[in-house]
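# An overview of the molecular structure
So the chains spell out like this:
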Amino acid sequence: MLRVRKEDLRLGMFIQSLEGSWFDHPFWKSKFLLEENDDLRALQSSEIDSVWIDEAKSLAPALAHLKTPTAPAAPAAEPEAAAEPAPAPVPKPKRITRPNEYHAAQTVLADCRAAVGGLFAQVRSGDAAAAIAEAAPVVGAIAESVERHADALLTLTRIRSLDEYSYAHSVSVSALMIMLARQLQLPPQYVQQAGIAGLFMDVGKAFLPAALLGKNSVYAEEDWAEMRRHTKLGAEAVAAYDDMSKIVADVCLHHHERYDGSGYPHRLKEDEISLFARMAAICDSYDALASARPHRPAFGPAEAVAEMYKAKGQYDESLLTSFIKAVGIYPAGSLVRLESQRLGCVAAQRRDQLTRPLVRIFYSIPQRSQIEVSELDLAQDPEPDRIVAREEPGRWGMRDWDQFAVTILQRQKARRAA
């Protein structure tokens with residue numbers, strides 16, 4: 001990898017990462033082959049100072065001007081002249097090392113939540129077009145976190161208080177929409193559009209009374225009637241300025257429609273509902289089930305998947321199948337019991353082997369006590385073991401399970417399980 005000043009960028013370089021905040025540049029992804037003059041000009045006029053490029057993926061001619069030409073031979077020194085000291089070698093830039101992705105995702109989540117608040121405020125003030133345009137780098141940060149570790153950001157978004165529910169929910173749904181779009185193998189521009197639509201899906205709630213959004217008691221029927229207005233309020237605020245805002249407005253209006261016609265506001269069904277709105281219905285429902293609400297506790301991630309499967313008539317079945325493949329039967333953060341009579345926290349999914357994830361074991365059932373955290377890869381470990389059940393954390397006295405799970409998952413190292 002080479003660190004290159006923006007002034008020295010050339011077409012044909014492969015951009016591995018952009019230095020600085022994602023507010024400082026106009027790109028929603030930071031890994032791409034620099035092929036267009038418009039992209040080159042945008043980078044060179046942005047607020048960033050430099051980028052990291054991958055030499056192996058770059059085109060050789062693009063790197064030629066970075067190679068220091070050989071200096072002409074110096075004239076022979078007089079015998080009595082003292083030799084000049086050799087210049088110190090220029091140190092090579094170190095490779096970028098990735099920290100534990102759960103730590104990296106914490107930074108992404110904090111930045112994104114703050115950014116979503118600002119974007120929602122823009123929509124509320126009537127500048128929806130600018131908000132949608134400025135959402136691209138936010139979605140880019142979410143997409144890159146999902147690409148590095150598909151489960152980390154989603155696990156962290158489940159740790160949220162009631163007053164930060166809306167913004168964290170928006171980030172989570174955006175990440176889920178990106179995961180589902182990739183599972184469906186949609187083109188990159190549609191992946192980005194899905195992420196932006198998920199981010200703004202609930203923007204209509206910004207126009208509802210704060211007392212209603214912050215209510216800690218069970219909603220009365222009139223509260224639900226008022227809350228359901230957020231779909232129309234959001235669609236009206238995100239007027240159809242262009243193709244992107246048309247997609248966002250459609251998702252705002254129709255993400256509570258159901259495939260069997262039981263949803264609102266128009267009781268649409270099946271293909272009357274757009275693809276993005278059908279995707280959003282699934283992603284929104286999953287995150288809502290996996291989050292604590294005033295009227296009910298949170299389902300565990302695995303239980304949320306099971307609940308949706310039971311009600312699959314409400315969702316496009318093919319999309320729901322793809323969604324379950326994307327998040328896994330045992331999503332990261334799930335508490336599971338192994339055949340070896342140990343409890344573990346699912347650390348990462350294997351998308352090709354949904355029943356055999358990576359698990360961090362921390363509890364012995366026969367000993368009724370915590371044990372040293374160890375890591376078990378059920379897809380590769382030669383010792384026979386398997387998941388026999390999903391477990392409810394409350395049954396084991398783990399009432400603050402989400403925070404406990406993140407503590408386990410954030411550990412940089414865990415010994416290999418025996």
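Note: the structure precedes this text.
For clarity, every value in this text was computed on a predicted model and none was experimentally measured.

Counting its secondary structure elements, the protein contains 16 helices and ten strands. When each of the 418 residues of the protein is scored for burial, the buried share is 51%. Once local pairs closer than 6 in sequence are excluded, the contacts in the protein between residues at least 24 apart make up 66%. Surface accessibility of the protein: about 20,700 Å² in total, with carbon and sulfur atoms responsible for 51%.

Time to look at the pairing of strand 8 (residues 369-377). Two strands pair when backbone bridges link them, and strand 7 (residues 358-364) and strand 8 are joined in this way by six bridges, in the antiparallel orientation. The residue of strand 8 that forms the bridge with Ile 361 is Ser 374. Counting the residues between successive antiparallel strands, the hairpin from strand 7 to strand 8 contains four residues, one of them, Arg 368, with a positive phi of roughly 55°.

Attention now moves to the sheet that holds strand 2 (residues 14-18). Taken in spatial order, the four strands line up as 1-4-2-3 in an open sheet, and their pairing is antiparallel. Edge positions in the open sheet fall to strand 1 (2-5) and strand 3 (32-33), since each of these has one partner strand only. As paired elements, strand 2 and strand 3 share two bridges and run antiparallel to each other. Each residue of the ladder has a partner; that of Phe 14, found in strand 3, is Leu 33.

In this structure, Pro 265 follows Tyr 264 across a cis peptide bond, with omega equal to 10°. As for its position among the elements, Pro 265 is in the loop between helix 12 (243-254) and helix 13 (275-289). Unusually for a residue other than glycine, Gln 185 sits at a positive phi of about 60°. In this fold, Gln 185 is placed in the loop between helix 7 (165-183) and helix 8 (188-200). Residue Arg 368 is not a glycine yet carries a positive backbone phi of 55°. With respect to the secondary-structure elements, Arg 368 resides in the loop between strand 7 and strand 8.

Here we come to the nonpolar core. Grouped together as the largest cluster of nonpolar side chains are 85 residues, with contacts concentrated most on Ile 142, Leu 199, Phe 200, Met 279 and Phe 362. A per-element tally of this core places helix 3 (residues 101-124) first, with ten residues. Grouped together as the second largest cluster of nonpolar side chains are 14 residues, Phe 32, Leu 34, Leu 40 and Val 51 included.

Okay, the pattern of salt bridges next. In the structure shown here, the tally under the stated rule is 13 salt bridges. One salt bridge connects Arg 390 with Glu 303, and the closest N-O pair in it is separated by 3.6 Å. One end of the pair, Arg 390, is in strand 9 (residues 387-390); the other, Glu 303, is in helix 14 (residues 301-310), with 87 residues separating them in the sequence. Glu 391 is paired through a salt bridge with Arg 395; the nearest N and O atoms lie 2.8 Å apart. Residue class for Glu 391 comes out buried when judged on its relative accessible area of 4%. Each of Asp 271, Arg 278 and Asp 316 takes part in salt bridges that share partners, so that together they form one network.

Thresholds, definitions, all that
As a convention, each chain's residues are numbered from 1 in the sequence order in which they are written. Local features are withheld for residues below a pLDDT of 70 in this predicted model, meaning they are given only at 70 or higher, and side-chain atom pairs are given and counted only at 80 or more; totals for whole chains, interfaces and linings count all residues. Where side-chain values are given, they derive from all heavy atoms of the structure, hydrogens and water being excluded. A run of H or I in DSSP becomes a helix once it reaches four residues, and a run of E becomes a strand once it reaches two; helices and strands are each numbered from the N terminus. Working definition: with a 1.4 Å probe on protein chains only, accessible area under 20% of the residue-type maximum means buried, over 50% means exposed, and in between means partly exposed. We call two residues contacting when some pair of their heavy atoms lies within 4.5 Å. The Shrake-Rupley method, run with a 1.4 Å probe, gives the accessible areas here. Residue values count only the displayed protein chains as cover. Paired strands are those between which DSSP finds at least two bridges. Nonpolar cores are built from buried Ala, Val, Leu, Ile, Met, Phe, Trp, Tyr and Cys residues. Side-chain atoms within 4.5 Å join them into one set. A side-chain nitrogen of Lys or Arg and a carboxyl oxygen of Asp or Glu constitute a salt bridge if their distance falls within 4 Å.

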